[in-house]
Amino acid sequence: MKPYQFDDFNKNSAWLVFRLDSQIADGPIDFYMVMDLPSGDIVTFETTETVLTQSQANKLFKEAKIKSVNLPNRIIIASGDPAEPLLRKATDKLGLDFETIASVYLEDLIAPIKQSFGEHFYSPSSIGHSHVRENTDELDRECLKKMIPDSYDPCPCASGKKYKFCCKKVFAEIMEAMVAAEEGDYTTALKWIDKAKSVVGETAEVICRESIVYSYFDGKKSNDLLAQCLSINPNHPRAHYLIGLMLKESGDIEGAVTAYQTAIRHYPPTDVFHLNEVYNNLGSAFYAGDNIEEAKSAWEKALLYLPSDKTTRRNLAEFIHSRRTG
Ligand SMILES: [Zn+2]
């Protein structure tokens, strides 16, 4: 199956309903858009700061019907959207066919709208958008999509809240901080951390990110912050992962394995991107400790979470190669 293109709808018109997660001053806001296909025009939209209601779903189609000359043949929505049952009900009322499809196949249709949202729109596909355009490899698209959770997935910080109502509120600030730190601009990075604190307070996630910024130039402060992060949330997965990386570097393989395993226990099962990352490192730690079978099994698990992961594939290939020749 290939991603939908506008031309696919020349003979079989449709309305595509999709959600854009945006950010306004007060916090996240979701746009539910109705796009006419094949024209690509936005017919109408509804916004919500929480979740779409049934009456909003009905209103969405009522308005679309008023504003359109003809009704389409069917309505398409991305599978897994929390509003899917409501939109299905509203579609039934119109007597139209209803199709759900993985959002990765809708990227090409939605991309122009996302671009027009510009910097106010933060999503897995706006980050690395250029990669999506340059690289049509479907697996890579999926990999990019999985980097950031869906709004209604459990938050990767293991707070137990949905992402939308937890760390998503400071997604932009944290990204800015990480990019600035990577570029060596620590003053700017710390300013973004302060901004994040002003939005959500000193959460485990923000303190963990502050620790990452300090890790570039002040190891002691970075460690103190990591300890502070774990005192706020002892299960914070990324903190355990970072501890694993440090222990591995200092040669404490056993300690690193334990820390990675703790991180794995606490990442939500939906966070396949980070689970892949930790399993990959767990494999490398086992390998460094000459625990070959465990290494193989950890790398295989990493691939289960992200089948397109090239690093892990290479690790496994080299492992198999060295076994055959060694
Ligand atoms: Zn969170």
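Reading the values: the criteria
Residues numbered from 1 in each chain as written. Predicted model: local features only at pLDDT ≥ 70, side-chain atom pairs only at ≥ 80, totals over all residues. Heavy atoms only, no water. Helix = DSSP H or I, 4+ residues; strand = E, 2+ residues; numbered from the N terminus. Buried < 20%, exposed > 50% of the residue type's maximum accessible area, 1.4 Å probe, protein only. Contact = heavy atoms within 4.5 Å. Donors = N, O, S within 2.8 Å, 3.2 Å for Na, K, Ca; no water. Tetrahedral: all angles 85-135°; square planar, octahedral: opposite > 155°, others 65-115°. Expected span 1.5 Å × (residues − 1). Axes fitted to C-alpha atoms, helices over the stretch in contact; angles between N-to-C directions. Parallel < 35°, antiparallel > 145°, perpendicular 65-115°, else oblique. Core = buried A, V, L, I, M, F, W, Y, C linked by side-chain atoms within 4.5 Å. Pairing = 2+ DSSP bridges. Right-handed = clockwise from strand over helix to strand, strands pointing away. Phe/Tyr/Trp six-rings, centres within 6.5 Å; stacked < 30°, edge-to-face > 60°. Lys NZ or Arg CZ within 6 Å of the ring centre and 35° of its normal. Salt bridge = Lys/Arg side-chain N within 4 Å of Asp/Glu carboxyl O.

Draft legend 1. Here's a closer look at the environment of L37. By secondary structure assignment, the location of L37 is in strand β2 (residues 27-37). Here L37 falls in the buried class, since its relative accessible area comes to 0%. For the pair L37 and I75, spaced 38 residues apart in the sequence, the C-alpha separation amounts to 9.9 Å. Non-local contacts of L37, meaning those with residues more than four positions away in its chain, are made with F6, F9, S13, A14, L16 and L109.

Draft legend 2. Expanded view of the coordination of the zinc ion. Within the protein, the atoms that donate to the zinc ion are C155 (SG), C157 (SG), C166 (SG) and C167 (SG), at distances of 2.2 to 2.3 Å. Its four donor atoms give the zinc ion angles of 104 to 113° at the centre, a pattern that matches the tetrahedral case. Summarised as a motif, the one-chain spacing of the donors to the zinc ion is C-x1-C-x8-C-C. One end of the pair, C155, is in the loop between α5 (138-146) and α6 (171-182); the other, C167, is in the loop between α5 and α6, with 12 residues separating them in the sequence. Residue C155 shares its accessibility class with C167, and that shared class is buried.

Draft legend 3. Highlighting unusual backbone geometry. In this structure, the amide linkage connecting L37 to the following residue, P38, adopts the cis form with an omega of 15°. Structurally, P38 can be placed in the loop between β2 and β3 (42-48). Despite not being glycine, A158 has its phi angle at roughly 65°, a positive value. Positive phi, normally seen in glycine, also occurs at D290, with a value near 65°. With a relative accessible area of 64%, D290 lands in the exposed category.

Draft legend 4. Summary view of α6. Here α6 contains 12 residues, and its C-alpha end-to-end distance of 17 Å stays within 8% of the 16 Å for a straight helix at 1.5 Å per residue. For α6, every residue scored as buried is listed here: F171, A172, E173, I174, A177, M178, A180 and A181. The inward-facing, buried residues of α6 contact α7 (186-200) and α8 (204-215). Two residues or fewer past α6, G184 is found with a positive phi of approximately 85°.

Draft legend 5. A look at the packing of α7 against α8. In contact at an axis separation of 10 Å, α7 and α8 are set at 175° when each is read in the N-to-C sense. Classified by the interaxial angle, the pair formed by α7 and α8 is roughly antiparallel. Between α7, through Y186, A189, L190, I193, A196, K197 and V200, and α8, the contact on the second element is made entirely by V206, I207, R209, E210, V213 and Y214.

Draft legend 6. Up close: the nonpolar core. Ranked by size, the top nonpolar core spans 23 residues in total, and within it M178, V213 and C229 carry the most contacts. At the level of secondary structure, the elements contributing two or more residues to this core comprise α6, α7, α8, α9 (219-232) and α10 (237-249). Apart from the residues within four sequence positions on either side, V213 is in contact with A177, M178, A181, Y186, A189, L190 and I193. Core analysis: the second largest hydrophobic core is formed by 21 residues, Y241, Y267, Y279 and W299 among them.

Draft legend 7. Summary view of the pairing of strand β5 (residues 97-101). Where strand β4 (residues 74-78) and β5 come together, five bridges link them in parallel fashion. Bridge pairing in β5 links R74 to D97. Crossover handedness for the path β4 to helix α2 (residues 84-94) to β5: right-handed.

Draft legend 8. Local environment of the packing of aromatic side chains. For the structure on display, the rule yields nine aromatic pairs. Measuring from centroid to centroid gives 5.8 Å for Y279 and Y305, while their planes differ by 15°, and the two rings are stacked. Within this pair, whereas Y279 is found in helix α12 (residues 272-288), its partner Y305 is found in helix α13 (residues 292-305), the two being separated by 26 residues in sequence. Given a relative accessible area of 26%, Y305 falls into the partly exposed group. Connected via pairs of aromatic rings, a cluster forms that spans Y186, Y214, Y216 and F217. If you follow K221 out to its NZ or CZ, it ends over the ring of Y214, 5.4 Å from the centre.

Draft legend 9. Expanded view of the pattern of salt bridges. If you walk through the whole model with that rule in mind, you get 13 salt bridges. Between R19 and D150 there is a salt bridge, and its shortest N-O distance comes to 3.0 Å. One end of the pair, R19, is in strand β1 (residues 14-24); the other, D150, is in the loop between α5 and α6, with 131 residues separating them in the sequence. You can call R19 buried: its relative accessible area is 15%.

Draft legend 10. Up close: α12. Its 17 residues give α12 an end-to-end C-alpha distance of 24 Å, which sits within 8% of 24 Å, the value for a rise of 1.5 Å per residue. Every buried residue belonging to α12 is among V272, F273, H274, L275, N276, V278, Y279, N280, L282, G283, A285 and F286, and all of these are buried. Just beyond α12, the residue with positive phi is D290, at close to 65°.

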